[in-house]
Amino acid sequence: MKTLIINIQELLQIRDASIQKVSGSDMKQLPSIKNAYLLIEDDCILDFGSMENCPKNDVDVNIDATGKVVLPAWCDSHTHIVYAGNRILEFVDRINGLTYEEIANRGGGILNSAKKINAISEEELFQQSKVRLEEIMSQGTGAVEIKSGYGLTVEGEIKMLRVIKKLAQNYPIKIKSTFLGAHAFPIDYKENHSGYIDLIINEMLPKIAQEDLADYIDAFCETGYFSVQETEQIMEAGKKYGLQAKIHVNQFNAINGIKACVKHNALSVDHLEVVTDEDIEALKNSDTMPVALPSCSYFISIPYTPARKIIDAGLPLALATDFNPGTTPSGNMNFVVATACIKMKMTPEEAINAATINGAYAMGIAKTHGSITKGKKANIIISKEVTSFYQLPYAFGSNLIDTVFIEGKIVQ
Ligand code: NIG
Ligand code: FE
């Protein structure tokens, strides 16, 4: 099956197969071809180029993209879309003056979601979660990482990870699964941290490995959650099962967690609303991708990740949604890209690099996703008619997506 897209105003994010991420000043470049075509065969990109060289051969589907831009589908490397119910009342509590930390301290927050997960069936959790997966696909996301972390019991964590696996089996979108048992200490273990960490290491991890339920391991490294030393224990344990780390760190406090993550060769460090000079130094010359989550900053009114400080230091940066019921009930990558431009002073080129190739890197799939490259998955966004791709972040409240292809098929 061949699909030919012709007369593309601008085909964005064309990369050589060797490029796995872009860093520092290179992020300002978004290689493109104006007046281009793109040829898809089955689930992959077969060819592309300037319209002058457009193949004349017969294809199965022809799409005229006059006035439209084409770019890789978003790669959302950090979400928690498998959850039960919602936390709307906490949203209202915050409007009335409580902070995220105050709500968590009185048993809300992650523990509130954990109660809900442990009260519903796997099937019901699947039904609730698939609605969110279908929504983000229609909003242009072509690959996504999903975390557990609202179970906090052996059964609850396994239930979540099985649902993630089932989503991956039932949808064309690439899904990477992350075990986040170390998201918070359950009430019963409030004074017994080592008891819960033992449960993670000795009960949860072996079961997860046995059922092959996770690709990565995560922990919430934060004051009041997992200390740096506890996070290191989790990363070490994950390594024994081949699970590389992707860590929640520096959301509210900088406690030297980034250095520990780099030491343990974490694939990504995520949040980074608070970043010290030492954190920046630790990330230099590492393979660890910093990931910013601007919708979270927006929703719970905390600082935005200092993107300029990170990129101007020569580092790469990825953007993701953090879609979850507490801090970011939105999986809209278009909003993330716009907010990164508007609030974090990233250029549109930088933001698109961060939301495509660097997002792919942050979930270990840059060989197959995140750019327009021959042989990569045909994960494509065709915009509506726009004056240029700058209109995508500029018109931040408009839906400028016309068509989304995931693995060569149109998503409705
Ligand atoms: O990435 N910060 C830790 N975890 C999630 C939110 C958890 C929640 O409140 O449900 C986050 O923001
Ligand atoms: Fe998160």
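Since the model is a prediction, treat every value here as computed from it, not as a measurement.

Undergrad: What's the story with helix H7 (residues 228-240) in this structure? I'm lost.
TA: With 13 residues, H7 should cover 18 Å at 1.5 Å per step; its first-to-last C-alpha distance of 19 Å lies within 8% of that length. For H7, the full list of buried residues reads Val228, Glu230, Thr231, Glu232, Ile234, Met235, Ala237 and Gly238. On its buried side, H7 packs onto strand S8 (174-182), helix H6 (193-210), strand S9 (216-221), strand S10 (244-249) and helix H8 (257-263).

Undergrad: When you look at the site of ligand 1 in this model, what are you seeing that I'm missing?
TA: In the region of ligand 1, 15 residues are neighbours, and Arg87, Tyr100, Tyr150, Gln251 and Thr327 sit closest. Here Arg87 contributes a side-chain N or O atom positioned 2.7 Å from an oxygen atom of ligand 1. Within the side chain of Thr327, a nitrogen or oxygen atom sits 2.8 Å from an oxygen atom of ligand 1. Its free accessible area being 330 Å², ligand 1 has 100% of it covered by the protein chains. Split into classes, the residues belonging to the shell around ligand 1 amount to four nonpolar, nine polar and two charged.

Undergrad: Teacher, can you tell me more about the domain arrangement of the chain here?
TA: Much of the literature gives interface size as the accessible area that the parts lose upon coming together. Taken domain by domain, the chain consists of domain 1 (2-72 + 371-410) and domain 2 (75-361). Taking only C-alpha atoms into account, the centre of domain 1 sits 29 Å from that of domain 2. Of the residues lining the interface, 27 residues belong to domain 1; the matching set on domain 2 comes to 34 residues. The largest per-residue losses of area from domain 1 upon contact with domain 2 belong to Lys21, Met27 and Ile406, which jointly make up 27% of the total buried on that side. Seen at the junction of domain 1 and domain 2, the total is one salt bridge. Of the charged contacts, one joins Glu350 and Lys28 as a salt bridge, the two residues approaching to 3.4 Å between their closest N and O atoms. Where domain 1 packs against domain 2, one counts 11 residue pairs in polar contact (both at pLDDT 80 or more).

Undergrad: Honestly, the coordination of the iron ion (ligand 2) in this entry has me stumped. Any pointers?
TA: Ligation of the iron ion (ligand 2) by protein atoms is provided by His78 (NE2), His80 (NE2), His248 (NE2) and Asp322 (OD), these donors lying 2.1 to 2.2 Å from the ion. One chain supplies every donor for the iron ion (ligand 2), spaced along it as H-x1-H-x167-H-x73-D. Of the two residues, His78 is situated in the loop between strand S6 (74-76) and helix H1 (88-95) and His248 in strand S10; the sequence distance between them amounts to 170 residues. Like His248, His78 is buried.

Undergrad: Please clarify how the nonpolar core should be interpreted in this entry.
TA: Most often, soluble globular proteins keep nonpolar side chains buried together rather than apart. One finds Leu133, Leu167, Phe179, Leu317, Leu319 and Met346 to be the most contacted residues of the largest nonpolar core, which totals 123 residues. Counting contributing residues per domain, this core is built from domain 1 (2-72 + 371-410) and domain 2 (75-361), each supplying no fewer than three. Sequence-distant contacts of Phe179, that is, excluding residues within four places in its chain, are made with Ser148, Glu157, Leu161, Ile200, Met204, Leu205, Ile208, Ala214, Tyr216, Ile217 and Asp218. By size, the runner-up hydrophobic cluster in this structure holds 17 residues, among which are Ile5, Leu38, Phe48 and Phe405.

Cut-offs used in this document
- Residues numbered from 1 in each chain as written.
- Chains lettered and ligands numbered in written order.
- Predicted model: local features only at pLDDT ≥ 70, side-chain atom pairs only at ≥ 80, totals over all residues.
- Heavy atoms only, no water.
- Helix = DSSP H or I, 4+ residues; strand = E, 2+ residues; numbered from the N terminus.
- Expected span 1.5 Å × (residues − 1).
- Buried < 20%, exposed > 50% of the residue type's maximum accessible area, 1.4 Å probe, protein only.
- Contact = heavy atoms within 4.5 Å.
- Near = heavy atom within 4 Å.
- Polar contact = N/O pair within 3.5 Å; in protein donor to acceptor, adjacent residues only side chain to side chain.
- Areas by Shrake-Rupley, 256 points an atom, 1.4 Å probe, with all protein chains shown as cover.
- Nonpolar A, V, L, I, M, F, W, Y, C, P; charged D, E, K, R; others polar.
- Domains from an automatic or database assignment.
- Buried area = accessible area lost by both parts, 1.4 Å probe.
- Salt bridge = Lys/Arg side-chain N within 4 Å of Asp/Glu carboxyl O.
- Donors = N, O, S within 2.8 Å, 3.2 Å for Na, K, Ca; no water.
- Core = buried A, V, L, I, M, F, W, Y, C linked by side-chain atoms within 4.5 Å.

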